[in-house]
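Structural overview for review
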Amino acid sequence: MSTQERLAQPSGSVGWSLVVPVKPAAIGKSRLAPFAGQHRTGLARAMAIDTIGAALACPSVTEVLAITPDPESGAVLAELGALVVPDEPTGGLNAALGHGCALARARRPDCAVAAMLADLPALRPQELALALAAAQAHPTSFVGDAAGIGTTLYCANQGVAFAPRFGGPSRAAHLSSGAVELLLPTIPSVRKDVDTEEDLHQARDLGVGPRTDAALTALLRPVDPGAD
Ligand SMILES: Nc1nc2c(ncn2[C@@H]2O[C@H](COP(=O)(O)OP(=O)(O)OP(=O)(O)O)[C@@H](O)[C@H]2O)c(=O)[nH]1
Ligand SMILES: C=C(OP(=O)(O)O)C(=O)O
C-alpha cells in the first residue's frame, strides 16, 4: 500500500507498530475444515491477507509486521506493504509475538506496539483506528473477541512491558494481567474473529474483504454435476 493510499493519521495520536501472526495457511484454521474442505487453505490465506490489507490502510498504523513462515502468504503480504518476518523462536504464538514486538521497537522506538490476530476478515481500518486511539490511554489494553472468550487485539504503549497471553480463554488472562479491556460499541469488525463456519457467516454479514469474499464465492459455488 502506498503512502498516498493511506488515510491521514489523526493529529496528536501516537503511531502504532502492529504485529500480526499468520500461521502457515496449509495448517491454519483447522476448525474450518468440516465446512471448507479443500478450500480451507485458500480461505485461511485470504482471511489473513484481507486482515492485513485493512490494517495497512489504518491511519494510526505506522508499520505492520507479519510474523509468518508461510512463503506464499508472505510474498503477497510483502507486496501489500507489510514487513514479513519468520516465526522466531519457534515457541508458538506468544513467543512469536514477543519476537515481533522486539523487532518493532528496535525499528520504531517512537511507536506503541499492538498484536492483532489475522483472522478478522471483516476488519475496517477506521474501527481499528478507534480501538488504537482508545488504547493510548492505558499502559496495556485489549479488545475481547465477539464471543467474549478470546482476544483479537492486545496493545502496549511505549516503555511498557509487552506480554500478550493469546490462546484459549485469553480475555480472562489479559484481564488478570492488568490490561484494560476496551469496551467500544463501535468496533464490531475488530472483534469478529473467525474460527468456525458460524463465525464466517457472521463476518460475511459485516462485510468481508475482497479475497475472503472471492474464496467464499468459490467455496459456495454449486458443483456442476456434468463436470468431470
Ligand atoms: N506465526 C504464527 N501465527 C500463529 C501461530 N499460532 C496461531 N497463529 C495465528 O494466530 C491467530 C490465532 O490463531 P488461531 O485462531 O488459534 O488460529 P489457527 O491455529 O489457525 O486455528 P485452528 O487450527 O482452528 O485452531 C491466527 O492469525 C493464526 O494464524 C504460530 O505458532 N505462529
Ligand atoms: C488465540 C486466540 O484466538 P482464537 O479464538 O482465534 O484461537 C485468542 O483469542 O487468544
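Residues numbered from 1 in each chain as written. Chains lettered and ligands numbered in written order. Predicted model: local features only at pLDDT ≥ 70, side-chain atom pairs only at ≥ 80, totals over all residues. Heavy atoms only, no water.

This part covers the overall build of the protein chain. Tallying secondary structure elements over the protein chain gives nine helices and seven strands in all. At 17 Å, the protein chain has a C-alpha radius of gyration in line with the 17 Å of a compact globule built from 228 residues. The buried share among the 228 residues of the protein chain stands at 47%. At a minimum sequence separation of 6, the contacts of the protein chain that also span at least 24 residues come to 68%. Across the protein chain, the mean location of the 17 positive side-chain charges is 4 Å away from that of the 22 negative side-chain charges. (Helix = DSSP H or I, 4+ residues; strand = E, 2+ residues; numbered from the N terminus. Rg over C-alpha atoms; globule rule 2.2 N^0.38 Å. Buried < 20%, exposed > 50% of the residue type's maximum accessible area, 1.4 Å probe, protein only. Contact = heavy atoms within 4.5 Å. Lys, Arg positive; Asp, Glu negative; His and termini not counted. Charge placed at Lys NZ, Arg CZ, Asp CG, Glu CD.)

Taken together, 15 residues form the shell around ligand 1, and within it Lys 23, Lys 29, Ser 30, Arg 31 and Asp 87 come nearest. In this structure, an oxygen atom belonging to ligand 1 sits 3.0 Å away from a main-chain N or O atom of Pro 21. Measuring from an oxygen atom of ligand 1, one finds a backbone N or O atom of Lys 29 at 2.7 Å. For ligand 1, the protein covers 83% of the area, taking 630 Å² as the surface of the free molecule. (Near = heavy atom within 4 Å. Polar contact = N/O pair within 3.5 Å; in protein donor to acceptor, adjacent residues only side chain to side chain. Areas by Shrake-Rupley, 256 points an atom, 1.4 Å probe, with all protein chains shown as cover.)

What surrounds ligand 2 is the set Arg 31, Leu 117, Asp 119, Gly 150, Thr 151, Phe 166, Gly 167, Gly 168, Ser 170, Asp 193 and Asp 195. At a separation of 3.2 Å, an oxygen atom of ligand 2 approaches a polar side-chain atom of Arg 31. One nitrogen or oxygen atom from the side chain of Asp 119 is found 3.2 Å from an oxygen atom belonging to ligand 2. Taking 290 Å² as the accessible area of ligand 2 by itself, protein coverage stands at 85%. Of the residues assigned to the shell around ligand 2, the class counts are two nonpolar, five polar and four charged. (Nonpolar A, V, L, I, M, F, W, Y, C, P; charged D, E, K, R; others polar.)

According to UniProt, the feature "binding site: phosphoenolpyruvate" (unreviewed entry) maps to Thr 151, Gly 167 and Ser 170 in the numbering used here. These annotated residues cover 20 residues of sequence, and their C-alpha atoms all fall within 8.3 Å of one another, placing them together at a single site. Turning to its location among the elements, Thr 151 is positioned in strand β6 (residues 151-156). Given a relative accessible area of 2%, Thr 151 falls into the buried group. Dropping the residues within four chain positions of it, Thr 151 is found in contact with Leu 117, Phe 142, Val 143, Gly 144, Asp 145, Phe 166, Ser 170, Arg 171 and His 174. In this structure the side chain of Thr 151 is engaged in a polar contact, spanning 3.5 Å, whose partner is the backbone nitrogen of Arg 171. (UniProt positions renumbered as here; feature names shortened; annotations may be inferred.)

Attention now goes to the sheet that holds strand β4 (residues 112-116). As summarised here, the arrangement of the seven strands in space is β3-β2-β1-β4-β6-β5-β7, forming an open sheet in which the pairing is mixed. Only two strands of the sheet have a single partner each, and these edge strands are β3 (83-85) and β7 (180-181). In terms of strand pairing, strand β1 (residues 16-21) meets β4 through four bridges, oriented parallel. Within β4, the position partnered with Val 19 by the bridge is Ala 115. Here helix α4 (residues 93-107) sits on the sheet and contacts β1, β2 (61-67), β3, β4 and β6; the angle it forms with β1, its principal contact strand, is near 150°. (Pairing = 2+ DSSP bridges. Axes fitted to C-alpha atoms, helices over the stretch in contact; angles between N-to-C directions.)

Pairs can form between side chains of opposite charge whenever their charged atoms are close. Tallied over the entire structure, the rule returns nine salt bridges. When the shortest N-O distance is used, the salt bridge between Arg 45 and Asp 70 registers 3.0 Å. Here Arg 45, found in helix α2 (residues 40-56), pairs with Asp 70, found in the loop between β2 and α3 (71-80); they are 25 residues apart in sequence, far enough to count as distant. Neither Arg 45 nor Asp 70 differs from the other in exposure class; each is buried. Taken together, the shared-partner salt bridges connect Lys 29, Arg 31, Asp 119 and Asp 195 into one network. (Salt bridge = Lys/Arg side-chain N within 4 Å of Asp/Glu carboxyl O.)

Once that is clear, we can look at the state of the cysteines. Applying the stated rule across the entire model yields zero disulfides. Unpaired in this structure, Cys 58 has its nearest cysteine sulfur neighbour in Cys 155, at a distance of 11 Å. Of the cysteine sulfurs around Cys 101, a residue in no disulfide, the closest is that of Cys 111, at 11 Å. We classify Cys 101 as buried; its relative accessible area is 5%. (Disulfide = S-S within 2.5 Å.)

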